[in-house]
Amino acid sequence: MTGTTKRPDIVMGIDPVRNGHLALAWAVDEADRRGLALRLVAAVPPVHDPRHAGIPHHHARAVDAEAALRTASEWAHGRRPGVRVTTTLVDGVPSRVLTGLSAEAAMVVLGSRHLSRTEEYLSAGSLVVPVTAQARCPVVVVGDAEHGTQDPPYLVVGIDGSESSRAALAQALDEADLRRCALRAIAVRQAPVFSLPTGDSLFHAERRLLSETTAGWAQKYPDVRLTHEVIAGSPVEVLAEAAEHSLALVVGRRGHGGYSGMRLGSVVHGLLHRAHCPVITVPVG
């Protein structure tokens, strides 16, 4: 068989009405680390009825989107001159456009407007919930910058024994290896209703789960310092607190993603609003 296989791009959704430099910095830095191109995408929702006055408004939005793409491209090139940056302006519902592109992307990067859960569902411009729920590749939501001043730097990955958390572990190890940082693998044990004696036996099942899930990875990533922790409490609160000063938090996504947050998973959905670091959500397969 002849020919070469095209490497996937990192795709970033550009919001024409918001400065997304935090997310753009994350995306272009990741492209640089991985030796990939960065594709900046802006989608302009179509006019539903061309007989009415939507066309001038649609044209104005397209002009704004094109200007935003140009500005973002110049900024990304200034930050990482060695990264190839392309821009794409399309007509379409933004969440559907980005979800479609995810099938051939290495990852999709989105900025977060820090909307409440209700606003995420009701906002016409919301991308975080539908794209994270439906994407075929990892989705990175950047609402806060990486905590690069933490010494030593580390990433956090949530482990619960599911296939999706195994996929998250693989992604997290890859990210940690690229950054030459440590990785904290955390299993969360729901706090019991009644107080139980503390001791090694209390978290025996969770510790065994962590050991089984992470077995064999040390040989593939010998330079990554991988630690195991079992912490009692709410999964959202425990993982968010553990990742408070991390470079990013990596979690698996269960299901194949309908629009609703229930299909996204309550833990992932909660972390997208609670975590104060980039959140990387990884689908299975």
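Our structure's up above, just so we're on the same page.
Residues numbered from 1 in each chain as written. Predicted model: local features only at pLDDT ≥ 70, side-chain atom pairs only at ≥ 80, totals over all residues. Heavy atoms only, no water.

## Section: the sheet that holds strand β1 (residues 10-13)
The strand order across the open sheet formed by 10 strands is β3-β2-β1-β4-β5-β10-β9-β6-β7-β8, and the pairing between neighbours is mixed. Edge positions in the open sheet fall to β3 (85-91) and β8 (226-232), since each of these has one partner strand only. If you compare each strand with its neighbour and ignore which way they point, the axes differ by 25 degrees on average. Sheet topology note: the strand β9 (residues 249-252)/strand β10 (residues 279-282) ladder contains four bridges and is parallel. Looking at β10, one finds that L249 is bridged to V279. Contacts from helix α3 (residues 94-101) reach β1, β2 (38-44), β3 and β4 (107-111) within the one sheet, and its direction differs from that of β2 by about 150 degrees. Of the strands in this sheet, β6 (154-158), β7 (182-189), β8 and β9 touch helix α9 (residues 235-242), which is tilted by about 160 degrees from β7. (Pairing = 2+ DSSP bridges. Helix = DSSP H or I, 4+ residues; strand = E, 2+ residues; numbered from the N terminus. Axes fitted to C-alpha atoms, helices over the stretch in contact; angles between N-to-C directions. Contact = heavy atoms within 4.5 Å.)

## A look at the side chain of T88
Structurally, the position occupied by T88 is in strand β3. Within the structure, T88 has its side chain in polar contact with the side chain of R39 (distance 3.0 Å). Contacts of T88, omitting those with residues within four sequence positions, involve R39, L40, V41, A42 and L69. (Polar contact = N/O pair within 3.5 Å; in protein donor to acceptor, adjacent residues only side chain to side chain.)

## Re the nonpolar core
Counting residues in each nonpolar core, the largest one holds 47 residues, and the members touching the most others are M12, I14, L38, L40, V109, V157 and L183. With residues up to four places along the chain from it excluded, the contact list for L40 reads M12, I14, L24, L69, A72, S73, V85, T86, T87 and T88. Judged by nonpolar contacts, the second largest core, of 32 residues, contains V131, V139, A182 and V238. (Core = buried A, V, L, I, M, F, W, Y, C linked by side-chain atoms within 4.5 Å. Buried < 20%, exposed > 50% of the residue type's maximum accessible area, 1.4 Å probe, protein only.)

## A word on the packing of aromatic side chains
Remark: the centre distance and the inter-plane angle together describe each pair of aromatic rings, the angle taken between the planes. A full pass over the atoms with the stated rule returns one aromatic pair. Across from the ring centre of W26, 6.0 Å away, lies the NZ or CZ of R33, which sits over that ring. (Phe/Tyr/Trp six-rings, centres within 6.5 Å; stacked < 30°, edge-to-face > 60°. Lys NZ or Arg CZ within 6 Å of the ring centre and 35° of its normal.)

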